[in-house]
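Fold and geometry: a report
Listed here are the chains, written in short residue letters.
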Amino acid sequence: MYIFSSSIKVFYRDVDQMGVVYYTRYFEYFEQARTELFNSIGLNWSEIEKDGYYLPVVSAFCKYKRGAEFEDKLLIKTKLMEKPGVRVKFDYEIIRETDELALAAGYTMHGFTDHNGKPVRPPTYFQNAFKKYF
């Protein structure tokens, strides 16, 4: 298992007329956290794509518990519970830093493809980056 924590601040652009984070933004927060997780172990999305591999989202889910608000500082815990293979599942938990209140939880499932969308095995360097965690 690998767990990585990152932070994000809620900006005015993220909130709706009720002053809470608009529901689609949570998926953007997931994406940012996922990218930061990759960077934390030496992987780079751009390099993976230059090598001809893509990781499109094949399913996504978010359970909203409580709305984040403008200027909240959020902690996003991103977890890989299983060794990545042709499919990779990332689990997320979003917590408000000031009171440690859980605001949302979800996941994204990704599948490795080539540039034509055909499923492929992940590159060896991708698998090797996670070896010490699984």
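Right above here is the structure, for reference.
Moving on, we come to the pattern of salt bridges. By the definition in use, this model includes 7 salt bridges. Put simply, Lys50 and Glu47 hold a salt bridge, and the shortest N to O gap is 3.6 Å. Of the two residues, Lys50 and Glu47 both sit in helix α2 (residues 45–50), 3 residues apart, roughly one turn of that helix. Glu47 gets classed as partly exposed once you look at its relative accessible area, which sits at 42%. Across the pair Lys89 and Asp91 runs a salt bridge whose closest N-O atoms are separated by 3.8 Å. Judged by its relative accessible area of 35%, Lys89 falls in the partly exposed class. A network of salt bridges, in which partner residues are shared, links Arg13, Asp14, Arg25 and Glu28.

With that settled, the discussion passes to the sheet that holds strand β4 (residues 87–96). Strands sit in the order β1-β3-β4-β5-β2 across an open sheet of 5 strands; the sheet is antiparallel. At either margin of the open sheet sits one strand with a lone partner, and together these are β1 (2–9) and β2 (57–64). Looking at each pair of strands side by side, their axes are set apart by 20° on average, direction ignored. Here β4 pairs with strand β5 (residues 101–111) via 10 bridges, running antiparallel. If you follow Ile95 over to β5, its bridge partner there is Ala102. Across the face of the sheet, helix α1 (residues 25–40) comes into contact with β1, β2, β3 (73–80), β4 and β5 while running at roughly 125° to β1.

About the thresholds
Residues numbered from 1 in each chain as written. Predicted model: local features only at pLDDT ≥ 70, side-chain atom pairs only at ≥ 80, totals over all residues. Heavy atoms only, no water. Salt bridge = Lys/Arg side-chain N within 4 Å of Asp/Glu carboxyl O. Helix = DSSP H or I, 4+ residues; strand = E, 2+ residues; numbered from the N terminus. Buried < 20%, exposed > 50% of the residue type's maximum accessible area, 1.4 Å probe, protein only. Pairing = 2+ DSSP bridges. Axes fitted to C-alpha atoms, helices over the stretch in contact; angles between N-to-C directions. Contact = heavy atoms within 4.5 Å.

Treat this as a map of the structure, not an account of what it does.
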